[in-house]
Amino acid sequence: MSRFGAKKGRKLPGAEFSWDTDGNGEPDTAPTPLFPKFSVPRARPLSARERLQVDYYRGLRERYHDGPYYSILDSASTAAKKGSVARVNFDSFHGMPTYSGRYQRKKRTIPRMGGRSYIMKFFPRELWQTIQPTFKPDAAMDGYAGQFARATAKRGFEDDEEEDEEDETKRKRTGGEEEEDNEKDILDGEEEGEEEEIVDDDFEDDEDEMGGDYNAEQYFDGGDDEYGDDGFGDGGGGGGDEETY
Amino acid sequence: MSSQYSAELCALLVEDNFGELFARIFSTLVRYDRLSLPRLKFYSHLSYPQLRHGIAAMIQQHLVYHYTSYDDGFTYYTPNLQAAYYLVRTGKILELIEDRLGKYAATVMSAILYLGHVQVGNLEDLPELQPAPTDIDGVEEEQETEGQTNGHNGQDIAHAARLHPTLKALAAHGYIIRVRESHFQSYADNVLDAERVIKARPDIKQLKGKKLDEAVIEATLTMLKERMDGDLTRGLVFNGVPRGVKRRPDARNGDDPTKKARSDYAAVDEEDEHDDEWSDDELDDEIPMESTLTVQVNYDKLDVALRNRRFLDLAERDSSSATIEVYDCLLRRIEYQTSKCRDGVEIPREGEEGEQYSAPIALSAVADDVDPNLDLAASIGPMDASQPGLRRGKRPLDDDDHMNGTTDHAAANTLASKGNRTYEVDQHLSLLAQPPHNLTSKRNIGGLPSWTIEFRHLARKLRHLELERMIEARYGDVALRLIRVLHAKGKLDEKRLQEISLLPFKDLRQVLANMQSGGFVDLQEVPRDAQRQPSRTIYLWFYDPDRVRSSMLEDTYKTMSRCLQRLRFERARLKEFLEKTERSDVKGNEERYLSEAELTLLEQWKAKEALLVGEISRLDEMVAVMRDY
């Protein structure tokens, strides 16, 4: 550092860290210790209040998980359509339906919207049909139609890309509708099953419905809870537990 | 707001609570910010049914804002990072509610959180809020029975009598608010919308130039206030105290001064100890809340309550329990009148923020709130004029006129006359007003002595303490000393710094270099001539709390998200086992179905998870200090 003319041994700040000091001397090539002593910082144990907070957090999270909205992405199962991603990713070692699988928490791939009431005005119009399948998009509701009347009006200067995109989406939408219908069927089945669990234990009419289309893949997650309750003394206990959450 | 790690953290929180589908939608929205449904489909690679249901459910949980444009009619979706982040604070919030308003209120709150927003009418139907047969919600009931032995007989009456008063208490405290349509649009959209409406007004159209801008801004703010306002406290607060405030200290909390509940009317009806805690609000509790009212959780207000609790913790370090009690009463009073932590969205820069005082609370009101059985005098020490003793020097200036005629205080403690008690409360509050923390400050309003809190000052103090704590933990006490010197004196060159801090050069430089590489201090060059020669340059060390704060905030987000990722990994490791414990037949009767070893494993897993979640919630406290308070 002294080459810049610092005077009389007055070192500049940081001089001892400069590159120069290493240049002359032999570099220190001694191996660093393989496992240097390192004191691992440990978190202090939770206080009573923190424990309570954690329990509340876990409790609420558990409720969300058991609730209708918790949904995962890959539902790899043999029930999936042939050639679809879900089918390809199927884990043939652990994924086979087993007897104990009937107690396993059911995995949802789509949040279930039924089973509770929604306040429609808080949702955008394009989702109304999702929330309430009985909703007719054409009918005016609560006077909110006027507000969105211009919804589909075009300004006339969108670029082609956008139009293409729209067309594409339209096409897809029509394609998607079928999909949706399929999904809906599954959903409905599930919904009824779930609702049934919560609302009452009268499963006679459901049995009629389910009896028609036998589906080997859905043997365990379709409407089998009812059968289980009949057959086993402990099955009822499991069902009862679910109700508490 | 949406930095890399906060976005990551929010997505992880959403995933932890709601599963992968929500997380995918959320992180796509965070990345691209504002998308219509087709674009969202394109980026997220999800199907339309998945998206529609997912988005609808997320709107219900307030995780997504939506806005339908007037120009093109498309609906755009934006992520609501605030709501996603507050998922981490739910545990704290529920614990706070339980502390303030009891177990049942916490259950109600948890139901509201679980449902996102909900109409009061629907809450009535919820099974877990009914004190129905004990076997259904036995978990909650069991813990509840302690103070309420009569909870199980007369269930229907008890239920009807409980839900609405509890809701009213929550509303009166401001913990829940009415949901407005504008709560579903992002703030920016609301502003634009309001501006558009206002600009279309004929009286505004006539204005021009600067006047127009001013008028538009002003009108926009009032309109926003009108539209966003979900305040439910109106008509529910009497004399500054919300209804439904717990009246007496709980038996189980009796020995813990911080948890002690308020006890304003304790003297009035002592004997009905085991009665329902709302029994004295008979005035108009028969009027239930409108069943069409939609409520949601008010995070702003809860932040205020959490911040006050934090102040209380700060006071607890060096004050007696009686002082804490008094301070708690003052803070409660202030909380009722404070709707949010600060006016601006961002924390103002260091040194640029003005002071923001809390609502002044009359001394007499605080004195009324303090538990009459609390021994106030014992912890202040004898106030004999002949014993100026250790506290004389610390008194504020206005203390001298209080000093005469108080000789008999040491003798009479609990049943002292009201005037004396008020005086003692005042003494406790003056104790708190002392430096270094200045937890309170005194004002005279119209001749009435009242006490306030300097919010900004205290929030800053908390921030600084937090940063100092971290610096000490990382670089040791020498570093802490240097930081304090630099903070107090501003920019210093090394020599001056050494003189002031009285440290050897060697230590000093080492520590400074370490801290510089950690980003806590930095060096400024001030050349003395145009050539910028190093020899003729002054080097100044400085410490910029703002900069450090924002980088620490990022680090904290990152740590939190790493904790969550660790949690996920640990769960994946035990996946098979955990799935077994979650089986519907195993759950609840673990003892019956699991082997000895499995039970231990489950116990270990729970402890591990609790530690990680607890760590996240501690980190969240830091985030709160550095971002929210």
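Quick caveat, the model's predicted, so the values are computed rather than measured.

### Structural notes on the overall build of chain B
Part 1 of the reasoning: Of regular secondary structure, chain B possesses 24 helices and 14 strands.
Part 2 of the reasoning: Across the 629 residues that make up chain B, the buried fraction comes to 38%.
Part 3 of the reasoning: Summarising the internal contacts of chain B: among those between residues at least 6 apart in sequence, 67% fall at separations of at least 24.

### Description of the nonpolar core
Residues and elements named next belong to chain B.
Part 1 of the reasoning: Formed by 147 residues in total, the largest nonpolar core has its most connected members in Cys10, Leu13, Val14, Phe26, Ala84, Leu170 and Leu330.
Part 2 of the reasoning: With 12 residues, helix H18 (residues 455–489) is the single largest residue contributor to this core.
Part 3 of the reasoning: In this view, Ala84 contacts Cys10, Leu13, Val14, Phe26, Leu63 and Pro79; residues no more than four positions away in its chain are not counted.

### Things to note about the domain arrangement of chain B
Residues and elements named next belong to chain B.
Part 1 of the reasoning: Domain boundaries assigned for chain B yield domain 1 (4–79), domain 2 (88–143 + 152–179 + 234–266 + 284–297), domain 3 (181–228), domain 4 (321–453), domain 5 (458–543) and domain 6 (560–628).
Part 2 of the reasoning: Placing a centre on the C-alpha atoms of domain 1 and another on those of domain 6 gives a separation of 27 Å.
Part 3 of the reasoning: Counting residues at the interface gives 6 residues for domain 1, matched by 4 residues for domain 6.
Part 4 of the reasoning: A per-class count over the side of domain 1 that touches domain 6 returns 4 nonpolar, no polar and 2 charged.

### A look at the environment of B:Lys301
Part 1 of the reasoning: Following the sequence through the fold, B:Lys301 ends up in helix H14 (residues 299–316).
Part 2 of the reasoning: Residues contacting B:Lys301, with those up to four places away along its chain left out, are B:Gly174, B:Tyr175, B:Ser339 and B:Lys340.

### Thoughts on helix H1 (residues 4–18) of chain B
Residues that lie three or four places apart on an α-helix share one face, since the helix turns once every 3.6 residues.
Part 1 of the reasoning: When the terminal C-alpha atoms of H1(B) are compared, their 21 Å separation across 15 residues agrees well with the 21 Å that a helix rising 1.5 Å per residue should span.
Part 2 of the reasoning: Among the 15 residues in H1(B), 11 count as buried, and that is most of the element.
Part 3 of the reasoning: Those residues of H1(B) that sit buried are B:Ser6, B:Ala7, B:Leu9, B:Cys10, B:Ala11, B:Leu12, B:Leu13, B:Val14, B:Asp16, B:Asn17 and B:Phe18.
Part 4 of the reasoning: Those residues of H1(B) that are buried are in contact with helix H2 (48–66) of chain A together with helix H2 (20–32), helix H5 (81–86) and helix H21 (545–573) of chain B.

### Overview of the UniProt feature "domain: DNA-directed RNA polymerase III subunit RPC3 winged-helix" (unreviewed entry) in chain B
Part 1 of the reasoning: Taking the UniProt record as the reference, the feature "domain: DNA-directed RNA polymerase III subunit RPC3 winged-helix" (unreviewed entry) is found at residues 467–542 of chain B.
Part 2 of the reasoning: Helix makes up 59% of residues 467–542 of chain B and strand 18%. Its end C-alpha atoms lie 15 Å apart.

### Some points on the packing of H14(B) against helix H15 (residues 321–337) of chain B
When two helices pack together, their arrangement is given by the angle between the helix axes and by the axis-to-axis distance.
All names here are of chain B.
Part 1 of the reasoning: Packing of H14 against H15 brings their axes to within 10 Å, and their N-to-C directions diverge by 160°. With respect to their mutual orientation, H14 and H15 come out roughly antiparallel. Classified by chirality, the crossing of H15 by H14 is right-handed. Taking contact as the criterion, the partners of Val304, Ala305, Asn308, Phe311, Leu312, Ala315 and Glu316 in H14 are, on H15, Ile324, Tyr327, Asp328, Leu331 and Glu335.
Part 2 of the reasoning: Its residues placed into classes, the contact of H14 with H15 shows 8 nonpolar, 1 polar and 3 charged.

### Regarding the sheet that holds strand S5 (residues 176–178) of chain B
All names here are of chain B.
Part 1 of the reasoning: Read from one edge of the open sheet, 3 strands run S4-S8-S5, paired in antiparallel fashion. Both outer strands of the open sheet, strand S4 (118–119) and S5, are each paired with one neighbouring strand and no more.
Part 2 of the reasoning: Direction of pairing for S5 relative to strand S8 (residues 294–297): antiparallel, over a ladder of 3 bridges. By the bridge assignment, Ile177 is partnered in S8 with Gln296.
Part 3 of the reasoning: Contacting S4, S5 and S8, helix H7 (residues 103–115) runs over the sheet at an angle of about 100° to S8.

Cut-offs used in this document
- Residues numbered from 1 in each chain as written.
- Chains lettered and ligands numbered in written order.
- Predicted model: local features only at pLDDT ≥ 70, side-chain atom pairs only at ≥ 80, totals over all residues.
- Helix = DSSP H or I, 4+ residues; strand = E, 2+ residues; numbered from the N terminus.
- Buried ≥ 20, exposed ≤ 12 C-beta atoms within 10 Å, placed from the backbone.
- Contact = placed C-beta atoms within 7 Å.
- Core = buried A, V, L, I, M, F, W, Y, C linked by C-beta atoms within 7 Å.
- Domains from an automatic or database assignment.
- Nonpolar A, V, L, I, M, F, W, Y, C, P; charged D, E, K, R; others polar.
- Expected span 1.5 Å × (residues − 1).
- UniProt positions renumbered as here; feature names shortened; annotations may be inferred.
- Axes fitted to C-alpha atoms, helices over the stretch in contact; angles between N-to-C directions.
- Parallel < 35°, antiparallel > 145°, perpendicular 65-115°, else oblique.
- Left-handed = near helix turned anticlockwise from the far one by under 90°.
- Pairing = 2+ DSSP bridges.

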